[in-house]
Each structure stands twice: as structure tokens, then as C-alpha cells.
Amino acid sequence: PSFRLLYKQVDVPEYDMTIKATGYQWYWGYEYSDEGMEELAFDSYMLRGEDRLARAAELKRPVEEYPRLLAVDNELIVPVGKVVRMQVTAADVLHSFALPAFGVKIDAVPGRLNETWFKAEQTGIYYGQCSELCGKDHAFMPIAIRVVEEEQFAAWAEAAKSDVDA
Ligand SMILES: [Cu+2]
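So, a few notes on the structure that sits alongside this text. (Residues numbered from 1 in each chain as written. Predicted model: local features only at pLDDT ≥ 70, side-chain atom pairs only at ≥ 80, totals over all residues. Heavy atoms only, no water.)

Some details on the packing of aromatic side chains
Here comes step 1: One pass over the full model with this rule turns up 11 aromatic pairs.
Here comes step 2: An angle of 85° between the planes, with centres 6.1 Å apart, marks the rings of Phe42 and Trp156 as edge-to-face. Of this pair, Phe42 sits in strand β3 (residues 41-44) while Trp156 is found in helix α3 (residues 150-161), placing the two residues 114 residues apart along the sequence.
Here comes step 3: By relative accessible area, Phe42 is classed as buried at 5%.
Here comes step 4: Centroid distance Phe153 to Trp156: 5.8 Å. Interplanar angle 40°. Geometry classified as tilted. (Phe/Tyr/Trp six-rings, centres within 6.5 Å; stacked < 30°, edge-to-face > 60°. Helix = DSSP H or I, 4+ residues; strand = E, 2+ residues; numbered from the N terminus. Buried < 20%, exposed > 50% of the residue type's maximum accessible area, 1.4 Å probe, protein only.)

Structure, rendered in C-alpha cells:
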């Protein structure tokens, strides 16, 4: 039975959207690949020290959503209930894209485009970390995915497109 599960996990189902994650020393870059969303690309860095609390206050969100070593400046935003195909690669050394809540863990390899997928059943914030030792700040390049309602996602995507800094 475990083999059947492994096969199913690798098999990307019919997907609603595609996002490419690129591992860098030491942050993640995200690109939305679907038609009309091509301009949507940004980098995601860990928030250090006071920046976490400042961000929570700025966005009027609970501090618990900005845990130490996991909170980032630009979260990856995805709609709830949609199959997201994740393409994962790296630009310098090996990294690994791991998101325990979704059962996702896949190597980010320079020169190779790996593929995985997830479908978030509930809104909320989900965290992961780089899981391949990649140098000095390996421990400090977290993954933060915020799952929102579809309308919220559309509004965010529209606003983020015109905001290079998104
Ligand atoms: Cu890394």
C-alpha cells in the first residue's frame, strides 16, 4: 500500500495553477506562471528580530502568525481548495522545499526543474523550511504560505502585479 501512495504522491493531478519556487542563498524566489499572472514574481526573506512584530502590527494580524525563524517579508499567497503545481529549482547550491503541513518535501536542484503539488483544504498560514544544508544561513530561509479565499487571492494578485515590491 505504501508504494501505491508514493506513486500517487508523485503523480501531479489536474492542477489549477502553477508556481515556481527557486532556492537562493538564502531566500526563496516565487513566480506565478499562469496566463495573466506572469508579472507576479517576488523574493521572500525571513523577517529578523523586531521586524516580525512590526509586520504583525502593520498588517493588524496576531503576533502568533509571525513565529521566530519562520515569518517572512513576502508570503507566498495561494487560493484555498485549488490544486497548486509547484515547480522547484535552485539558482546556486542545493536547497529543499519542505512544507510539513502539506506533506511536501522536494529537492531544489540547480539545473533541474522538479515538480510537486498540494491542495490546501483550509485558509491560514503554513510554514516550512529549507531542508538541504546550503551554507551559512541554511536555518534562516523559511517558507511561508498564506492560504486565502479565492476572491481575496484575486484581489491580492491584482494589487501585487502593479507593486513591484509585492
Ligand atoms: Cu537552502
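Text resumes after the structure shown.
Let's talk about the sheet that holds strand β4 (residues 76-79)
Here comes step 1: Spatially, 5 strands are ordered β4-β10-β9-β6-β7 in an open sheet, and the strand pairing comes out mixed. Whereas interior strands pair on both sides, the edge strands pair on one side only; in this sheet they are β4 and β7 (104-108). The average undirected angle you get between the axes of adjacent strands in this sheet is 25°.
Here comes step 2: In the packing of α3 onto the sheet, the strands contacted are β4 and β10 (143-148), and the crossing angle to β4 comes to about 135°. (Pairing = 2+ DSSP bridges. Axes fitted to C-alpha atoms, helices over the stretch in contact; angles between N-to-C directions. Contact = heavy atoms within 4.5 Å.)

Observations regarding the coordination of the copper ion
When four donors bind a metal tetrahedrally, each ideal donor-metal-donor angle is 109.5 degrees, and when six bind octahedrally, the ideal angles are 90 or 180 degrees.
Here comes step 1: Here the copper ion is held by His95 (ND1), Cys130 (SG), Cys134 (SG) and Met141 (SD), and the distances to it run 2.0 to 2.5 Å.
Here comes step 2: Every donor counted, the 4 donor atoms about the copper ion form angles of 94 to 123° at the centre, which fits tetrahedral coordination.
Here comes step 3: All donors of the copper ion belong to a single chain; written as a sequence motif, their spacing is H-x34-C-x3-C-x6-M. Here the residue Cys130 occupies a position in strand β9 (residues 124-130), and Met141 occupies one in the loop between β9 and β10, the gap between them amounting to 11 residues. With respect to class, Cys130 is no different from Met141; both count as buried. (Donors = N, O, S within 2.8 Å, 3.2 Å for Na, K, Ca; no water. Tetrahedral: all angles 85-135°; square planar, octahedral: opposite > 155°, others 65-115°.)

Treat this as a map of the structure, not an account of what it does.
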